[in-house]
Amino acid sequence: MPSRKFADGEVVMGRWPGSVLYYEVQVTSYDDVAHLYTVKYKDGTELALKESDIRSQSSFKHRKSQSSSSSPSRRSNTRSRSRSRSPGRPAKGRRRSASQSREHKDDKKKAIQETSLALPVFVLFKPSENNTKRYNGEPESTEKNDTSCIILEQKLKPDLEIKRVLEQYSLRPRKDDKKKEEIYSEKKTFVAVKPIEKVPRRTKELEFGGRIGTFMLILLLPATVFYLLLLCKQDDPSLLNFPPLPALESLWDGRVFGVFLLWFFLQAVFYLLPIGKVVEGLPLSSGRKLEYRINGFYAFLLTAAAIGILLYFQFELHYLYDHFMQFAVAAAVFSLALSIYLYIRSLKAPEEELAPSGNSGYFIYDFFTGHELNPRIGSFDLKYFCELRPGLIGWVVINLAMLLAEMKIHNLSVPSLSMILVNSFQFLYVVDALWNEEAVLTTMDITHDGFGFMLAFGDLVWVPFVYSLQAFYLVGHPTTVTWPVAVAITVLNCIGYYIFRSANSQKNNFRRNPADPKLANLKFIPTATGKGLLVTGWWGFVRHPNYLGDIIMALAWSLPCGFNHILPYFYVIYFICLLVHREARDEHHCKQKYGLAWERYCQRVPYRIFPYIY
């Protein structure tokens, strides 16, 4: 890994984010993980800058000396030319002196022009309070003493500044042009080395309790799933009523495992179909962008057609309910085998393709969090496929199987209102995720987390078998819901869905195209990475409004189960804990990535998930 170029305390020239202007700054610290320098301007402003946005003072001073020295050399050349035109003609001394005086004035004018063109490097590179402008339409009084969010492009017109710099270059002699080429050649050499800086280093800060914590999670996550499913089968599903353990041989069924494999590979076939558009993901650390085919909604429609055909030919779909535990065991075994394969293949992956969060060097930790960021077999992206297809679509199929099982077991001609509400709410959630499939490419699961046991087990086991807990509970514990209560629960779910979808849409559209005219009303804080932090809309209300919508929807999914037992609300409790943990991860990640801009954002938006509470 390349070492840092500038030391702490060194005075250098730093480019102001979003402009072509350089100011005199002092280096205060360096972040080894984000590769950003924290610098302090003369007016006290602190920003995090990339190394490419910092230049040494010597390069600017060298330019100034060249610009100022060019004027005397031109005057001497002018005088020599003047004398060479009239050798041995003393009678015309007055003309010569007049000519020399005119040339002397011209030379003075040229010197002044050259000096004025060289001055912006030093005069404009001094930030002051006078440079404070209105930001995002806010009054000056609210931003007077804070220059970290100033937008200089429109007020100082960087395009004109570039033009002036080019004019300055055109006035320099060839010696200066040669040195200018040397400067740019040095810059090109630096740019060529730049991708090496982005190679992921060892993961220093371990999450989930480190090696011991991840080892315990590998054991506890499957145990939690099996415990919840066994509890739902009890007449009294109280958390303290520990269910009897079934015989081990009853947990495994080869036919069930075959059905699961058939389901998995059927979804893989749908994924490979050449339908749907192909889009690029966010840039990787190497600068490369992977391509993804967006056809999850088409896969859902094909799956619905296949299920409809099975039902037409009298296939008993409640077979899923009768062998629910065996299906959960089959999915857990398959996810474990997949995780082992992912870790073995990651040992041969190039270092730049490893996940920044799963490259600790510890086997258990990297196995759990995922060692490789985007494992692919040809163009088949394993992580992206498992993120939405087998588990998420399987969740809807399981809910449908529970609905049919309820009708058969309780001899109902139509499903109960409670079951209809649960199926409808969760069906909407899944369809929304598949319809907006492209949005998943900007999530931390795709851009930051590796593909290991955590995501493999979560996508293939936790999502379909725990998220369907309410429907599974209602089969054995029917609950009556009146129509007014059903309407109130529906309104609550719609509120949560609206917050969730509108917040995610704002974020995804802004990340894809910040210059979209539809987003002109949104204000943001610029960062040294070139991205902006939204401070209006839902993201100016709380820092994670999408999590707020998720929690409201989770509550609406559980309310149709009544209040006789807390088991149906396990999903709500788990979801709150999960989102609080992910929010803490997001906070730490964003603080490292955006530096002081994130601190300012936190001051602007103090509440994390729950307004006025947390």
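Quick caveat, the model's predicted, so the values are computed rather than measured.

Considering the state of the cysteines
Each disulfide consists of one covalent bond between the sulfur atoms belonging to two cysteines. For the coordinates displayed, the defined rule picks out zero disulfides. Of all cysteine sulfurs in the structure, the one in cysteine 232 sits closest to cysteine 561, which takes part in no disulfide; the separation is 8.8 Å. Residue class for cysteine 561 comes out buried when judged on its relative accessible area of 0%.

So, the packing of helix α7 (residues 210-232) against helix α11 (residues 324-346)
Between α7 and α11, the shortest axis-to-axis distance is 10 Å and the interhelical angle comes to 175°. In terms of their interaxial angle, α7 and α11 are classed as roughly antiparallel. Counting all contacts with α7, which are made through Phe226, Leu229 and Leu230, the residues of α11 involved are Phe324, Met325, Ala328, Val329 and Ala332. In terms of residue class, the contact of α7 with α11 is made up of eight nonpolar, no polar and no charged.

Details of helix α13 (residues 382-409)
Because an α-helix packs 3.6 residues into every turn, residues spaced three or four apart end up facing the same way. In a regular helix each residue adds 1.5 Å, so 28 residues correspond to 40 Å; α13 covers 38 Å between its end C-alpha atoms and thus fits that length. When the local axis directions of α13 are compared, the greatest deviation, roughly 25°, occurs at tryptophan 395. Taken across its 28 residues, α13 has 24 buried, putting it largely inside the fold. Structurally, the start of α13 carries an N-cap: the backbone nitrogen of lysine 383 is 3.3 Å from a side-chain oxygen of aspartate 381. Positioned one or two residues after α13, asparagine 411 has a phi angle of 55°, which is positive.

Points about the environment of glutamate 372
Turning to its location among the elements, glutamate 372 is positioned in the loop between α12 (363-369) and β8 (376-377). Sequence-wise, glutamate 372 and phenylalanine 451 are 79 residues apart; in three dimensions their C-alpha atoms are separated by 6.2 Å. Apart from the residues within four sequence positions on either side, glutamate 372 is in contact with Arg345, Ser346, Ala349, Glu353, Leu354, Ala355, Gly450 and Phe451. Engagement of the side chain of glutamate 372 in a polar contact is seen with the side chain of arginine 345, the distance being 3.2 Å.

What to know about the sheet that holds strand β1 (residues 11-15)
Spatially, the five strands line up as an open sheet ordered β4-β3-β2-β1-β5, and their pairing is antiparallel. Across the chains shown, the open sheet's two edge strands, defined by having one partner strand only, are β4 (46-50) and β5 (54-55). Alignment of strand β2 (residues 22-31) against strand β3 (residues 36-41), held across six bridges, turns out to be antiparallel. Residue pairing across strands places valine 27 opposite valine 39, the latter belonging to β3.

Focus on the nonpolar core
Ranked by internal contacts, the top residues of the largest apolar core, which has 128 residues, are Met402, Phe465 and Tyr467. With 16 residues, the top contributor of residues to this core is α13. Here this core spans two domains, since at least three of its residues come from each of domain 2 (203-480) and domain 3 (482-613).

A closer look at the UniProt feature "transmembrane region" (unreviewed entry) in the chain
Mapped onto this numbering, the UniProt entry annotates "transmembrane region" (unreviewed entry) at residues 208-230, 250-273, 294-313, 325-344, 455-475, 481-500, 521-542 and 562-581. As annotated, residues 562-581 has a helix share of 60% and a strand share of 0%, and its two end C-alpha atoms lie 28 Å apart.

Observations concerning helix α16 (residues 453-466)
Over its 14 residues, α16 extends only 17 Å from the first C-alpha to the last, a length that falls short of the 20 Å expected when each residue adds 1.5 Å. Maximum bend of α16: about 40°, positioned at aspartate 459. Here α16 lies mainly inside the structure; 14 of its 14 residues are buried.

Notes on the packing of aromatic side chains
Inspection of every chain in the model, using the stated rule, returns 42 aromatic pairs. Both rings, one in tyrosine 343 and one in phenylalanine 363, keep their centres 5.1 Å apart while their planes meet at 80°; by these two values the pair is edge-to-face. One end of the pair, tyrosine 343, is in helix α11; the other, phenylalanine 363, is in helix α12, and 20 residues separate them in sequence. Assessed through its relative accessible area of 45%, phenylalanine 363 is described here as partly exposed. The aromatic ring of tyrosine 362 is capped on one face by arginine 211, whose charged end is 4.0 Å from the ring centroid. Above the face of the tyrosine 292 ring, arginine 376 is positioned so that its terminal group lies 4.9 Å from the ring centre.

Description of the pattern of salt bridges
Scanning the model with the defined rule gives seven salt bridges in all. Here lysine 277 ties to glutamate 438 by a salt bridge, and the two come within 3.1 Å at their closest N and O atoms. Within this pair, whereas lysine 277 is found in strand β6 (residues 277-280), its partner glutamate 438 is found in the loop between α14 (417-435) and α15 (444-447), the two being separated by 161 residues in sequence. Put simply, arginine 501 and aspartate 432 hold a salt bridge, and the shortest N to O gap is 2.6 Å. One end of the pair, arginine 501, is in helix α18 (residues 483-512); the other, aspartate 432, is in helix α14, and 69 residues separate them in sequence. Classification of arginine 501 by relative accessible area gives buried; the value is 15%.

Quick word on a nonpolar patch on the surface
The grouping of Ile212, Phe215, Met216, Leu219 and Leu220 at the surface amounts to a nonpolar patch, some 500 Å² of accessible area in total. Inspection of the secondary structure puts leucine 219 in helix α7.

Notes on the packing of helix α19 (residues 545-558) against helix α20 (residues 570-594)
In the contact formed by α19 and α20, the axes pass within 9 Å of each other and the chain directions differ by 170°. Classified by the interaxial angle, the pair formed by α19 and α20 is roughly antiparallel. Packed against α19, whose contacting residues are Tyr547, Asp550, Ile551, Ala554, Leu555, Trp557 and Ser558, the element α20 presents Tyr571, Val572, Phe575, Ile576, Leu579, Arg582, Glu583 and Asp586 at the interface. Within the contact of α19 with α20, the residues separate by chemical class into ten nonpolar, one polar and four charged.

Some words on the environment of aspartate 449
Note that aspartate 449 resides in the loop between α15 and α16. The class for aspartate 449 is buried, based on a relative accessible area of 1%. Residues aspartate 449 and leucine 373 lie 76 residues apart in sequence; the distance between their C-alpha atoms is 6.4 Å. Setting aside anything within four residues of it in sequence, one finds aspartate 449 in contact with Ala355, Ser357, Leu373, Lys383, Met444, Met454, Leu455 and Arg585.

Rules and cut-offs
- Counting from 1, residues in each chain are numbered in the order their sequence is written.
- Per-residue local features are limited, in this predicted model, to residues with pLDDT of at least 70; the limit for side-chain atom pairs, both in listing and counting, is 80 or more; totals at the level of whole chains, interfaces and linings are taken over all residues.
- To get the side-chain values, take all heavy atoms of the structure and skip hydrogens and water.
- When two cysteine sulfur atoms are found within 2.5 Å, that pair is recorded as a disulfide.
- A 1.4 Å probe rolled over the protein chains alone gives each residue an accessible area, and that area as a share of the maximum for its type sets the label: buried under 20%, exposed over 50%, partly exposed in between.
- Note on method: axes are straight lines fitted to C-alpha atoms, helices fitted across the in-contact stretch only, with angles between N-to-C directions ranging 0 to 180 degrees.
- For the purposes of this entry, the term helix denotes a DSSP run of H or I that reaches at least four residues, the term strand denotes a run of E that reaches at least two, and both are numbered from the N terminus.
- Between 65 and 115 degrees an angle is taken as roughly perpendicular, under 35 as roughly parallel, over 145 as roughly antiparallel, and anywhere else as oblique.
- Whether two residues are in contact is decided by their heavy atoms: any pair within 4.5 Å suffices.
- Here the nonpolar group is Ala, Val, Leu, Ile, Met, Phe, Trp, Tyr, Cys and Pro; Asp, Glu, Lys and Arg are the charged ones; every other residue, Gly included, is treated as polar.
- An expected span of 1.5 Å times one less than the residue number is assigned to each helix.
- Think of it this way: the bend at a residue is just the angle between two axes, each fitted to seven residues, one set ending at that residue and the other starting at it.
- By the criterion applied in these results, polar contacts are pairs of N or O atoms within 3.5 Å in which, for protein atoms, one can donate a hydrogen and the other can accept it, and in which residues neighboring in sequence qualify only through two side-chain atoms.
- Pairing between two strands requires that DSSP report at least two bridges joining them.
- Joining through side-chain atoms within 4.5 Å is the link that ties buried Ala, Val, Leu, Ile, Met, Phe, Trp, Tyr and Cys residues into a set, and such a set is a nonpolar core.
- Where each domain begins and ends is defined by an automated method or by a domain database.
- UniProt positions are given in the numbering used here, feature names are shortened, and annotations may be inferred rather than shown by experiment.
- Aromatic pairs are defined between Phe, Tyr and Trp rings, using the six-membered ring for Trp, whenever the two ring centres lie within 6.5 Å; interplanar angles under 30 degrees are classed as stacked, those over 60 as edge-to-face, and all others as tilted.
- A ring has a charge above it when a Lys NZ or an Arg CZ is no more than 6 Å from the ring centre and no more than 35 degrees off the ring normal.
- A pair is scored as a salt bridge if a Lys or Arg side-chain nitrogen falls within 4 Å of a carboxyl oxygen belonging to Asp or Glu.
- For patches, a residue must show more than 30% relative accessible area and have no salt bridge; joins then use 9 Å for like charges and 5 Å for nonpolar side chains, namely Val, Leu, Ile, Met, Phe, Trp and Tyr.
- The Shrake-Rupley method, run with a 1.4 Å probe, gives the accessible areas here. Residue values count only the displayed protein chains as cover.

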